[in-house]
Amino acid sequence: PSITRGVTVEIPKVSWEDIGGLHDLKKKLQQAVEWPLRHSASFSRLGVSPVRGILLHGPPGCSKTTLAKAAGHAAQASFFSLSGAELYSMYVGEGEALLRNTFRRARLASPSIIFFDEADVVAAKRGGSSSGSSKVGERLLSTLLTEMDGLEQAKGILVLAATNRPNAIDAALMRPGRFDLVLYVPPPDSESRYEILRVHTRDMKLDPDVDLSLIAEETELFTGAELEGLCREAGIVALREDISATVVCNRHFQKVRQSLKPALTMEEVV
Ligand code: ATP
């Protein structure tokens, strides 16, 4: 990927198969992202206006970024990645310039996806005192609104944003023509955890005593990121035990499982 300060550009390599669970969500994203980006001419021919912006919200580590990248991969779109926190921390005017510049580059490179991580930092409610709203935030938000409105004429550009705090997002961004689609990315249930464990062990040599569906049941409240860590750690434990080990066994998974505590709590999930 090419990196200019504050923005990364690439065609992502992650595919839908790299994401365990979330089947309905993947389907919705496929329709909202792949179709308009790949078939923008058909949309114009029928006079159907595609979704311009999609907001993904949900707890950290549950694949918001990965979903956005998979959508970009499927649409073979240039993927411009911006961090709200990074934009916010720039010198006066620099963040706005970077935003405008990114939209301009995205138009030239279309089909494109502009992905905003930690969107709430830039798109915080105006006038709110506790939400991190400030002069810097307001100027970034107004630049973002102007750029998104300018997308009316542009074809093949989609803005995806991710946040853990959807309630902090300014209502102006939720108007039609801006973030038309809001999708909740939940923490994985046991079936999804099983699929995530499958994804992250597919290149590992597992002993037949490893029962991933049992591990899935024993990892309630674990996020995808934590399950990925669990698999990696189990491999490391096996190697630490015996550097010439040929398989990772159930006891290695159990050892790591017992040492880990999920960061999410029940209240955050329901
Ligand atoms: P944050 O809010 O912290 O940015 P996020 O929701 O964007 O988190 P990701 O960055 O997409 O989460 O996920 C972190 C890691 O967890 C990824 O590297 C990915 O491999 C793994 N992961 C999360 N969910 C899944 C899943 N459903 N299937 C496979 N891997 C997953």
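Residues numbered from 1 in each chain as written. Predicted model: local features only at pLDDT ≥ 70, side-chain atom pairs only at ≥ 80, totals over all residues. Heavy atoms only, no water.

In the annotation of an unreviewed UniProt entry, the entry for the protein reads OLC1v1005756C1, and the organism field reads Oldenlandia corymbosa var. corymbosa.

J.: An account of the overall build of the protein is needed here, citing residue identities and associated values.
T.: Scanning the protein from terminus to terminus reveals 12 helices and seven strands. At 21 Å, the protein has a C-alpha radius of gyration in line with the 18 Å of a compact globule built from 270 residues. Here the C-alpha coordinates of the protein stretch approximately 60 × 45 × 35 Å along the principal axes. Every one of the 270 residues in the protein was classed for burial, and the buried ones make up 47%. (Helix = DSSP H or I, 4+ residues; strand = E, 2+ residues; numbered from the N terminus. Rg over C-alpha atoms; globule rule 2.2 N^0.38 Å. Buried < 20%, exposed > 50% of the residue type's maximum accessible area, 1.4 Å probe, protein only.)

J.: Explain the packing of helix H8 (residues 190–201) against helix H10 (residues 224–241) to me, using residue names and the numbers behind them.
T.: Relative to each other, H8 and H10 sit at 45°, their axes nearing to 9 Å. Overall, the two elements H8 and H10 adopt an arrangement that is oblique. The handedness of the crossing between H8 and H10 is right-handed. For the pair H8 and H10, the contacting residues are Arg193, Ile196, Leu197, His200 and Thr201 in the first and Gly224, Leu227, Glu228, Leu230 and Cys231 in the second. Of the residues contributing to the contact of H8 with H10, the split by class is five nonpolar, three polar and two charged. (Axes fitted to C-alpha atoms, helices over the stretch in contact; angles between N-to-C directions. Parallel < 35°, antiparallel > 145°, perpendicular 65-115°, else oblique. Left-handed = near helix turned anticlockwise from the far one by under 90°. Contact = heavy atoms within 4.5 Å. Nonpolar A, V, L, I, M, F, W, Y, C, P; charged D, E, K, R; others polar.)

J.: Describe the nonpolar core, with residues and values.
T.: The biggest cluster of nonpolar side chains holds 29 residues, and the ones touching the most others in it are Leu87, Leu99, Phe103, Ile114, Phe116, Leu144 and Leu173. Mapped by element, the contributors of at least two residues to this core are strand S2 (7–10), strand S4 (78–83), helix H5 (94–108), strand S5 (112–117), helix H6 (119–122), helix H7 (135–150) and strand S6 (157–163). Sequence-distant contacts of Ile114, defined by excluding residues within four places in its chain, comprise Phe80, Leu82, Thr102, Phe103, Ala106, Ile157, Leu158, Val159 and Leu160. In terms of nonpolar packing, the next biggest core, distinct from the first, is built from 25 residues, Ala74, Phe79, Leu158 and Leu160 among them. (Core = buried A, V, L, I, M, F, W, Y, C linked by side-chain atoms within 4.5 Å.)

J.: Go over unusual backbone geometry, please, and point to the residues and values.
T.: Omega for the bond connecting Ser110 with Pro111 falls within 30 degrees of zero, at 5°, which places this linkage in the cis form. With respect to the element layout, Pro111 can be found in the loop between H5 and S5. A positive phi angle, near 50°, is found at Gln76, a position not held by glycine. Among the structural elements, Gln76 can be located in the loop between helix H3 (64–74) and S4.

J.: With reference to specific residues and values, describe the side chain of Glu96.
T.: Take Glu96: it is sitting in helix H5. Looking at Glu96, the relative accessible area reads 8%, which means it is buried. Polar contacts involving the side chain of Glu96 include one to the side chain of Arg139, which spans 2.9 Å. Not counting residues within four places of it along the chain, the set of residues in contact with Glu96 comprises Arg139, Leu140 and Thr143. (Polar contact = N/O pair within 3.5 Å; in protein donor to acceptor, adjacent residues only side chain to side chain.)

J.: So, the layout of surface pockets: which residues are in play, and what are the values?
T.: Estimated volume of the largest pocket: approximately 590 Å³. Forming the boundary of the largest pocket are 34 residues, of which Ser63, Thr66, Gly224, Ala225 and Glu228 lie nearest the centre. The class makeup of the residues in the lining of the largest pocket is 14 nonpolar, 10 polar and 10 charged. (1 Å grid on protein atoms, 1.4 Å probe; cavity = no way out; pocket = protein on both sides within 12 Å on 5 of 7 lines; lining within 4 Å. Points joined across faces, edges and corners; volume = space filled by probe spheres on them.)

J.: Residue-level account of empty space enclosed by the protein, with values.
T.: For the coordinates displayed, the defined rule picks out one cavity of 30 Å³ or more. Forming the walls of the largest cavity are Leu55, Phe116, Ala119, Val122, Ala123, Leu144, Ala161, Ile169, Leu173 and Phe179. Class assignment for the residues of the lining of the largest cavity results in 10 nonpolar, no polar and no charged.

J.: Residues and numbers for the site of the ligand, please.
T.: Surveying the vicinity of the ligand reveals 18 residues, the closest of which are Gly61, Lys64, Thr65, Thr66 and His200. Separating an oxygen atom of the ligand from a side-chain N or O atom of Thr65 is a distance of 2.6 Å. Against a free-state accessible area of 640 Å², the protein chains account for coverage of 78% of the ligand. Here the ligand occupies the largest pocket. Of all the secondary structure elements, the ones that give two or more residues to the shell around the ligand are H3, H8 and H10. (Near = heavy atom within 4 Å. Areas by Shrake-Rupley, 256 points an atom, 1.4 Å probe, with all protein chains shown as cover. Sits in = over half its atoms within 2 Å of the grid points.)

J.: Give me the packing of H5 against H7: which residues, what numbers.
T.: Contact geometry of H5 with H7 gives a least axis separation of 9 Å together with a crossing angle of 20°. The orientation of H5 relative to H7 falls into the category roughly parallel. As H5 runs across H7, the sense of the crossing is right-handed. Where H5 abuts H7, its residues Gly95, Glu96, Leu99, Arg100, Phe103 and Arg107 lie against Arg139, Leu140, Thr143, Leu144, Glu147 and Met148. Partitioning the contact of H5 with H7 into residue classes produces five nonpolar, two polar and five charged.

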